[in-house]
Amino acid sequence: MKKPVHILFLSMTFLSALYADQITALDGPKIVEALKQSYGERAAKRGNAWLNLMVPDTNALENDNLEKVNRFFNTFHFIDDIKLWGVNNYWATPVEFIGVNGGDCEDYSIAKYFTLLELGVADEKMRITMVKAVHLNQYHMVLAYYDTPASIPLILDNIDGVIKPANERNDLIPVFSFNASQLWLNKERGQSVLSGNSSRLKRWQDLRQRINTAKLKQPKIKLEF
C-alpha cells in the first residue's frame, strides 16, 4: 500500500458547511490524482465516479439525489474496522472510504452525508443515526433524511438498500443522532430529545479534524478491488 493522501477536501464545499460560510470550488483533479498515487488506478476511477455523482443537476429532485448517492455507496464492500484499520472503531473520511473501496456502517453513512451536503442538501435535513439493528442484535449506523422538521425521516442504509420511511423500518431502534452542529438522544422510538452540540462526540470531532487537515489513515491490509 502506498503512502496515504495528504491533500484532499480542503477546498470542498461541505467543509464550508462545517467550518466557514464561504463556499469554495471542488478541486477534482487533485482528489483524483491523490487517490491514484495513494490507492491506485481503480481508486482514481472511483474518485472520478464520485465527482461525477456530485455534478449538480438542476432537474433533479432532492429525493433523486438521495437515491443516487445511496445506490452509489452501497456498491462498496463491507469490511470490519479491525480488519481494515487495525482498530475496533474507526470513522473513515469519504476519501478513505472511496480509496479502499470498503468500510463499515459508519463509513457508508458518513460518506452519504458529506456527499449530499455537496449536492446542496441542507445539514438540518440530515442526521447520522446510531440504531440498534434488531435482527442482527447489534448497533448499526444509518443516515436519516427529514424533508421537514416534522417529517418521518427516510432511512439510507447499507443493509437494506431500498430507501424507506423510518416507520417501515421496525428492525431499527434509534439510539442517538447528530449532524454538523446538534446531537439528539432517542428516549423511545419516534421521539428524540435535543441534547446539545455534536462536538460532544469524540469520533465525530476526530473525523472533522482529519477532514479539515486532510490527514488520512493508512489501512492495515492491502485490498484488491
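Residues numbered from 1 in each chain as written. Predicted model: local features only at pLDDT ≥ 70, side-chain atom pairs only at ≥ 80, totals over all residues. Heavy atoms only, no water.

> Looking at this structure, how should I read the overall build of the protein chain?
Along its length, the protein chain carries eight helices and nine strands. The buried share of the protein chain, reckoned over its 225 residues, is 50%. Surface summary for the protein chain: the accessible area is close to 11200 Å², and the carbon and sulfur share equals 51%. (Helix = DSSP H or I, 4+ residues; strand = E, 2+ residues; numbered from the N terminus. Buried < 20%, exposed > 50% of the residue type's maximum accessible area, 1.4 Å probe, protein only. Areas by Shrake-Rupley, 256 points an atom, 1.4 Å probe, with all protein chains shown as cover.)

> What is the right way to look at the environment of Leu201 in this model?
Structurally, Leu201 can be placed in the loop between strand S9 (191–197) and helix H8 (202–213). Taking C-alpha positions, Leu201 is 8.5 Å from Leu183, a pair spaced 18 residues apart along the chain.

> Looking at this model, I keep getting lost on helix H4 (residues 62–73). Mind explaining?
Residue pairs spaced three or four apart in an α-helix point in one direction, given the helix's 3.6 residues per turn. With 12 residues, H4 should cover 16 Å at 1.5 Å per step; its first-to-last C-alpha distance of 17 Å lies within 8% of that length. Along H4, the residues classified as buried are Asn65, Leu66, Val69, Asn70, Phe72 and Phe73. Considered in projection along H4, the buried side chains sweep an arc of 160° and stay on one side of the axis. Tucked into the core, H4 has its buried residues touching helix H3 (41–53), helix H6 (94–100), helix H7 (105–118), strand S4 (138–145) and strand S5 (154–156). (Expected span 1.5 Å × (residues − 1). Arc of directions from axis to C-beta. Contact = heavy atoms within 4.5 Å.)

> Just to check I follow, could you spell out the pattern of salt bridges for this structure?
Once their charged atoms are close, side chains differing in charge can pair, the charge on each being opposite to the other. The tally for this structure, following the rule as stated, stands at eight salt bridges. One salt bridge connects Asp171 with Arg169, and the closest N-O pair in it is separated by 2.9 Å. Between Arg210 and Asp206 there is a salt bridge whose closest N-O contact spans 3.0 Å. Of this pair, Arg210 and Asp206 are both found in helix H8, four residues apart, which corresponds to roughly one turn of the helix. The exposure class assigned to Arg210 is buried, which follows from its relative accessible area of 10%. Linked by salt bridges that have partners in common, Glu62, Lys125 and Asp147 make up one network. (Salt bridge = Lys/Arg side-chain N within 4 Å of Asp/Glu carboxyl O.)

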